[in-house]
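Summary of the model geometry
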Amino acid sequence: MATTPADPPLDEIVHRRPDMIQWWLDPEQYKPGVEPPHTYMEERFIHRYFSESPFFDPTTKNGLLFGQSAVNFETYELVHNAARLEGILRNRPGLEYVIAEKPLQVPTYEQKPAQPSGVWVLREQQRLEDQTGATRDSPYPNTETRGTYYIVNESVYQAPSVADVVGNRMLSAVTSLEKMFERTASLSSFTPTTGHTYLPPRTTSTATATAGGSTQGSPNGSREGSVVPGASADTQSLRSGSLAPELATAGNTTDNDFHTARILVDSLQKSMQFSEEYMDENPLVGEPGNFRFTSSAAAVKKRKADEEAALVAARKAKEAKETSSSSTAASPKVVKAPTPPPVFTEARAAAKTDKDKREEKKRRRKSRPNAGGNTTPSTPKGASSAITPKGTG
């Protein structure tokens, strides 16, 4: 058994009846000289045009009056007069359709009078039997809104409910979030050097470039990773291709430029954000992925304030000491000659001993007898040094 497709909801369809508009504009539908000519989508035609749409309920008070108008000319004139029709609807309770808003006058940019917007708003409402606040023109003033419809030129629409609007927005937001989570789940990666990133990893190209650089950088094509005695670390790194991977990845310059630009932007942003912080003031502890500061920001500020206060106090103490020393500089002081170093004292003593030896040699030379002259004989050893001449007392 074939199944018929379900009808779409009323708030998802658009109703148009151009043939009925042509019928309304036909001059045979009105009496010339008795009533004004019919115009396009005027107030007298709105209720009748809406009654032909699928949104209209024929069991309402409007539907009963339109049914009577088919056999009663007075009722026919009544349903084509919006003011009289809505006046009758206010005199009895029940479900009804009334015009809630008329087209607004929209100003034009040219020097012309304002033109109507062409938007009519109709409301489906239940007129209650409660007569609180009743007047002569409206014996049943209390109503409950059951639906809203609007006519834009020839098209009739049903306004969605607030629940439908909110539910549609929430469904759209949840769907977008699910797509975003599915997309970002495969993009997130973490490295100790760059941290968390959503850029696609380049492990394959980097490994290929590094392997190619290692093979070409080695002179013999083997033992490229071994340490050669006497070679520097930079030379070994250059041969193994780990010192400058940018040189090895010459065929992947686009990715390298993008990665370099990203690191540069990130570095500039962090330098502006943490320009007043230093690693030695508040060092990091932990492991990659779980770094944390040793002290809080308040403790670092307090320590810096204490250091500045200590520097100011030391500067003031130095200035006070210099002031006191300058005030006592006028009083005389006995300056004691510094004691010469031991090196100079021993040198002088040695020089004095040499001088005494030279003088002793000179005295001995003078005491020697001269050739052909009388000299005083030397005193023999053991004799008395004092010789008294004979006949002297």
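The name given to the protein in an unreviewed UniProt entry is Mediator of RNA polymerase II transcription subunit 6, with the source organism recorded as Recurvomyces mirabilis. Recorded under Sequence similarities (unreviewed entry), the UniProt text for the protein is reproduced unchanged: "Belongs to the Mediator complex subunit 6 family." Under Subunit (unreviewed entry), UniProt gives the following word-for-word description of the protein: "Component of the Mediator complex."

Here we look at helix 2 (residues 43–51)
Among the nine residues of helix 2, eight are classified as buried, and the element is accordingly described as predominantly covered. Among all positions of helix 2, only R44, F45, I46, H47, R48, Y49, F50 and S51 are buried.

A look at the nonpolar core
Formed by 24 residues in total, the largest nonpolar core has its most connected members in M41, F45, I46, Y49, F50 and I151. In terms of residue count, helix 2 provides more of this core than any other element does, four residues in total. Discounting chain neighbours no more than four positions away, the residues touching M41 are I21, I46, Y49, W120, I151 and N153.

Some remarks on a nonpolar patch on the surface
On the surface, V162, V166 and M170 cluster together to form a nonpolar patch covering roughly 310 Å² of accessible area. Its place among the elements puts M170 in helix 6 (residues 162–185).

Quick word on the sheet that holds strand 6 (residues 155–158)
A sheet is described by the order of its strands in space; here four strands give the open sequence 1-4-5-6, paired in antiparallel fashion. At either margin of the open sheet sits one strand with a lone partner, and together these are strand 1 (94–101) and strand 6. Strand-to-strand twist of the sheet, defined as the mean angle between neighbouring strand axes without regard to direction, takes the value 25°. Across the sheet, helix 3 (residues 61–69) is in contact with strand 1 and strand 4 (119–127); its angle to strand 1 comes to roughly 95°. Along the sheet face, helix 5 (residues 82–89) touches strand 1 and strand 4 and points at about 140° away from the line of strand 1.

Topic: the packing of helix 1 (residues 18–25) against helix 2
Running from N to C, helix 1 and helix 2 point in directions that differ by 140°, and their axes come no closer than 11 Å. For the pair helix 1 and helix 2, the crossing hand works out as right-handed. Contacts between helix 1 and helix 2 involve M20, I21, W23 and W24 on the former and, on the latter, R44, F45, R48 and Y49. Residues belonging to the contact of helix 1 with helix 2 are distributed by class as follows: six nonpolar, no polar and two charged.

Some details on the environment of A159
Among the secondary structure elements, A159 is positioned in the loop between strand 6 and helix 6. A159 gets classed as partly exposed once you look at its relative accessible area, which sits at 23%. Distance from A159 to E12, taken between C-alpha atoms, is 9.3 Å for residues 147 residues apart in sequence. What A159 contacts, discounting residues up to four positions off in sequence, is T148, Y149 and Y150.

Things to note about the environment of E101
Mapped onto the fold, E101 is located in strand 1. Sequence separation between E101 and W120 is 19 residues, and the spatial gap between their C-alpha atoms is 5.9 Å.

Let's talk about the packing of aromatic side chains
Enumeration according to the criterion identifies twelve aromatic pairs in this entry. Residues F50 and F56 carry aromatic rings whose centres are separated by 6.2 Å and whose planes lie at 85° to one another, so their mutual orientation is edge-to-face. Given a relative accessible area of 13%, F56 falls into the buried group. Summarising the aromatic geometry, the rings of Y150 and Y157 are spaced 5.3 Å apart at their centres and angled 20° between planes, so their arrangement reads as stacked.

What counts, and where the lines are drawn
Residues numbered from 1 in each chain as written. Predicted model: local features only at pLDDT ≥ 70, side-chain atom pairs only at ≥ 80, totals over all residues. Heavy atoms only, no water. UniProt positions renumbered as here; feature names shortened; annotations may be inferred. Buried < 20%, exposed > 50% of the residue type's maximum accessible area, 1.4 Å probe, protein only. Helix = DSSP H or I, 4+ residues; strand = E, 2+ residues; numbered from the N terminus. Core = buried A, V, L, I, M, F, W, Y, C linked by side-chain atoms within 4.5 Å. Contact = heavy atoms within 4.5 Å. Patch = residues over 30% accessible without salt bridge, like charges linked within 9 Å, V, L, I, M, F, W, Y side chains within 5 Å. Areas by Shrake-Rupley, 256 points an atom, 1.4 Å probe, with all protein chains shown as cover. Salt bridge = Lys/Arg side-chain N within 4 Å of Asp/Glu carboxyl O. Pairing = 2+ DSSP bridges. Axes fitted to C-alpha atoms, helices over the stretch in contact; angles between N-to-C directions. Left-handed = near helix turned anticlockwise from the far one by under 90°. Nonpolar A, V, L, I, M, F, W, Y, C, P; charged D, E, K, R; others polar. Phe/Tyr/Trp six-rings, centres within 6.5 Å; stacked < 30°, edge-to-face > 60°.

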